[in-house]
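# Observations on the three-dimensional arrangement
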2 protein chains.
Amino acid sequence: MKRTAFFISDGTGITAETLGNSLLTQFEGVQFEMVTLPYIDTLEKAHAVVGRVNDACERDGQKAIVFDTIVNPEIRETIAACQGFKIDVFESFLKPLEQELQLRSSYSVGKSHAINESSRYKERIASVNFALDNDDGGRVQQYSKADLILVGVSRCGKTPTCLYMALQFGIRAANYPITIEDLEVAGLPEVLMQHRDKLFGLTIDPFHLTAIRHERRPNSRYASLEQCEFEVREVERRLKQLGISSINTTHFSVEEIATRIMAEAGLTRRGV
Amino acid sequence: MKRTAFFISDGTGITAETLGNSLLTQFEGVQFEMVTLPYIDTLEKAHAVVGRVNDACERDGQKAIVFDTIVNPEIRETIAACQGFKIDVFESFLKPLEQELQLRSSYSVGKSHAINESSRYKERIASVNFALDNDDGGRVQQYSKADLILVGVSRCGKTPTCLYMALQFGIRAANYPITIEDLEVAGLPEVLMQHRDKLFGLTIDPFHLTAIRHERRPNSRYASLEQCEFEVREVERRLKQLGISSINTTHFSVEEIATRIMAEAGLTRRGV
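Residues numbered from 1 in each chain as written. Chains lettered and ligands numbered in written order. Predicted model: local features only at pLDDT ≥ 70, side-chain atom pairs only at ≥ 80, totals over all residues. Heavy atoms only, no water.

## Some remarks on the packing of helix 9 (residues 206-216) of chain B against helix 10 (residues 225-242) of chain B
Residues and elements named next belong to chain B.
- Two elements in contact, helix 9 and helix 10, have axes separated by 9 Å at closest approach and are oriented at 125°. With respect to helix 10, the axis of helix 9 lies oblique. Judged by the sense of rotation from one axis to the other, the crossing of helix 9 with helix 10 is right-handed. From helix 9, P206, F207, L209, T210 and R213 reach across to helix 10, where they touch L225, Q227, C228, E229, E231 and V232.
- Looking at the contact of helix 9 with helix 10, its residues break down into six nonpolar, two polar and three charged. (Axes fitted to C-alpha atoms, helices over the stretch in contact; angles between N-to-C directions. Helix = DSSP H or I, 4+ residues; strand = E, 2+ residues; numbered from the N terminus. Parallel < 35°, antiparallel > 145°, perpendicular 65-115°, else oblique. Left-handed = near helix turned anticlockwise from the far one by under 90°. Contact = heavy atoms within 4.5 Å. Nonpolar A, V, L, I, M, F, W, Y, C, P; charged D, E, K, R; others polar.)

## Brief notes about the pairing of strand 3 (residues 65-69) of chain B
Residues and elements named next belong to chain B.
- With five of its five residues buried, strand 3 lies for the most part within the structure.
- Neither face of strand 3 is exposed, since I65, F67 and T69 on one face and V66 and D68 on the opposite face are all buried.
- Sheet analysis places strand 1 (residues 2-9) next to strand 3, joined by five bridges and oriented parallel. Across the sheet, F6 pairs through a bridge with V66, a residue of strand 3.
- Sheet topology places strand 3 next to strand 4 (residues 85-88); four bridges connect them, and they run parallel. (Buried < 20%, exposed > 50% of the residue type's maximum accessible area, 1.4 Å probe, protein only. Pairing = 2+ DSSP bridges.)

## Some details on the pattern of salt bridges
- For the structure on display, the rule yields 30 salt bridges over all chains.
- A salt bridge links R269 of chain A to E17 of chain B, with the nearest nitrogen and oxygen atoms 2.4 Å apart. Of this pair, R269 of chain A sits in the segment after helix 11 (254-265) while E17 of chain B sits in helix 1 (residues 14-24), which puts the two residues in different chains.
- According to the relative accessible area criterion, R269 of chain A is partly exposed, its value standing at 22%.
- The exposure class assigned to E17 of chain B is buried, which follows from its relative accessible area of 10%.
- One salt-bridge network, in which partners are shared between bridges, spans K2, E33, R59 and D60 of chain A. (Salt bridge = Lys/Arg side-chain N within 4 Å of Asp/Glu carboxyl O.)

## Quick look at the interface of chain B and chain A
- Listed per partner, the contact involves 79 residues of chain B and 79 residues of chain A.
- Here chain B and chain A share an interface that buries about 6900 Å² over both sides, 65% of which is from carbon and sulfur atoms.
- Considering only the surface of chain B that becomes buried against chain A, Q26, F27 and F93 of chain B emerge as the three largest contributors, covering 11% of it.
- One can count eight salt bridges joining chain B with chain A.
- Notably, a salt bridge pairs E255 of chain A with R124 of chain B, separated by 2.6 Å at the nearest N-O pair. (Buried area = accessible area lost by both parts, 1.4 Å probe.)

## Considerations on the relation of the copies chain B and chain A
- With an RMSD of 0.0 Å, the fit of chain B onto chain A corresponds to turning through 180° and sliding 0.0 Å along the axis. On this basis, the relationship between the two copies can be described by a two-fold rotation axis.
- A shared interface surface links the copies, since 100% of the contact residues of chain B are contact residues in chain A too. (Least-squares fit on C-alpha atoms with pLDDT ≥ 70 in both.)

## What to know about the sheet that holds strand 6 (residues 173-177) of chain B
Residue and element names in this part refer to chain B.
- If you trace the four strands from one edge of the open sheet to the other, you get 6-5-7-8, paired in parallel fashion. Strands at the two margins of the open sheet, each flanked by one partner only, are strand 6 and strand 8 (246-248). In this sheet, neighbouring strand axes are inclined to one another by 25° on average, regardless of whether the strands run parallel or antiparallel.
- Lying on the sheet, helix 6 (residues 158-169) is in contact with strand 5 (148-152), strand 6 and strand 7 (199-203); it crosses strand 6 at an angle near 175°.
- In the packing of helix 11 (residues 254-265) onto the sheet, the strands contacted are strand 5, strand 7 and strand 8, and the crossing angle to strand 7 comes to about 145°.

## Some points on the sheet that holds strand 2 (residues 31-37) of chain A
Residues and elements named next belong to chain A.
- On the basis of which strands lie adjacent, the open sheet formed by four strands has the order 2-1-3-4 and parallel pairing. Taken across any chain shown, the strands that pair with only one partner, and hence form the sheet edges, are strand 2 and strand 4 (85-88). Ignoring strand direction, the axes of neighbouring strands in this sheet form an average angle of 20°.
- In the packing of helix 1 (residues 14-24) onto the sheet, the strands contacted are strand 1 (2-9), strand 2 and strand 3 (65-69), and the crossing angle to strand 1 comes to about 150°.
- This element, helix 4 (residues 89-101), spans strand 3 and strand 4 of the sheet and lies at about 35° to strand 4.

## Remarks on helix 3 (residues 73-80) of chain A
All names here are of chain A.
- Inspection of helix 3 places I75, R76, T78 and I79 among the buried residues, and these make up the whole buried set. For helix 3, the angular spread of the buried residues around the axis is 160°, confining them to a single face. What points out from helix 3, more than 90 degrees from its buried face, is the exposed set E74 and E77.
- Of the surrounding secondary structure, the elements contacted by the buried residues of helix 3 are strand 1, helix 2 (43-60), strand 3, strand 4 and helix 4.
- Capping of helix 3 at its N-terminal end is provided by N72; its side-chain oxygen lies 2.9 Å from the backbone amide nitrogen of E74. (Arc of directions from axis to C-beta. Polar contact = N/O pair within 3.5 Å; in protein donor to acceptor, adjacent residues only side chain to side chain.)

## Points about the packing of aromatic side chains
- Taken as a whole and judged by the stated rule, the model has five aromatic pairs over all chains.
- With a centroid separation of 5.3 Å and 55° between ring planes, the pair formed by F93 of chain A and F93 of chain B is classed as tilted. Here F93 of chain A, found in helix 4, pairs with F93 of chain B, found in helix 4 (residues 89-101), and the two come from separate chains.
- Since its relative accessible area comes to 4%, F93 of chain B is described here as buried.
- For the ring pair Y164 of chain A and F169 of chain A, a centre distance of 6.2 Å and an interplane angle of 75° mean the geometry is edge-to-face.
- The class for Y164 of chain A is buried, based on a relative accessible area of 4%. (Phe/Tyr/Trp six-rings, centres within 6.5 Å; stacked < 30°, edge-to-face > 60°.)

## Side note on the domain arrangement of chain A
- Domain parsing of chain A yields domain 1 (2-101) and domain 2 (117-265).
- For domain 1 of chain A and domain 2 of chain A, the distance between their C-alpha centroids amounts to 38 Å. (Domains from an automatic or database assignment.)

Following this line, the structure appears as structure tokens:
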């Protein structure tokens, strides 16, 4: 069974896409072709969208699913005339919220992503720079400014996790790869132990790690299962010994790793 | 007026937060204290959440707003007993979707972020590595593999945009900072012109740029308004001359910059 799903917005489309994706993945038997249509902010564009939706309905022989987060009432009405099955997010929730809050909503587009909205945005961009500056153990002088320092073997997922935390939550996360040289000495490097309460471990299944490393450096000792097993086992042992929390990244996405670490470390989004 | 808003999920909480944030920013007069509670995946945790919500209602003297994307029906019911004003996303939309699709939803948690969901996740992580490897003009040999090459003056927002596109959409975006040396020669560097159809310009208001650069290198010539004005004007002129599309980042967030570029360049998410 094939269906087309549209995520339509007069802003970035991120809300419609995020929500729609969450809901549609609940229906495993259906194959959805997903189409995001952002910045539908004129009646002309809205009419073109109606045409696209109707075409999809005809082609599939079934109603397309339409998730829409259009704020402008006129544009929303235009889109509502399409033949798709509509999940109108603002229509469903704004009215009840207006009643509960005893306020009219402002019906303005893209507020949640506006750059001048708050200090949040600045924190996020500053945190991206922080993550880049403090990636891969390159610099360690700024660890006192870090919210978090991720430690783990090379290629266990530290960098994407730090970047995601920065972009999404404005968290300043540094990361330090524990190298073979580090493992020749007991414990963890002194530069890390100075910030012991900021440390969080990432670990990974050695079979998964060897596959990832082989893509980077095929047939190297670095990528060998033996080496991966040794490093992972040794790092896990030390983290445990020192009582440092850790998470196994093997079956988690970067979103899950980031949000689980934040929950466990008691971190919340930076900037009000 | 102050209200507490809760974003509650048995997964990462990203959907509840994204949707809730979009809706609440429509009410400008209200100051919301936002609390995200992810991984509420046991009845015990659910009961604790009910306590927190009720406490907030009592403290504020008003109902807290509760956005919930709990998949598990039992946990959802437990949370529904709280005194907050509930926006139950799955309750509102899953039933109608089940009817339209003639299918029961699977009621399984975190599907949309599951690492083994699809090729999408691999593309995203590979794209993050690509963005890092090809950041800041450091390497140019991989430009043939890029979906997009962002060009613009130093500090106009290229790097965060590339990283966001990678993490969110799996787009392989390289970036090249146009330096003063580049501006001594006419046109754009040959290494860029070889991939002319992948180029996209970022530009920025010189006043904004000088402020950003002053934070990085205070009182430098690099940060001076005169220098910023010269670089921006010169780069804008060349982009226009060559017919290369560009976007002014001054008043846009990284989400907006990324999604607008993708829309304009006709790029869609990588990985099915």
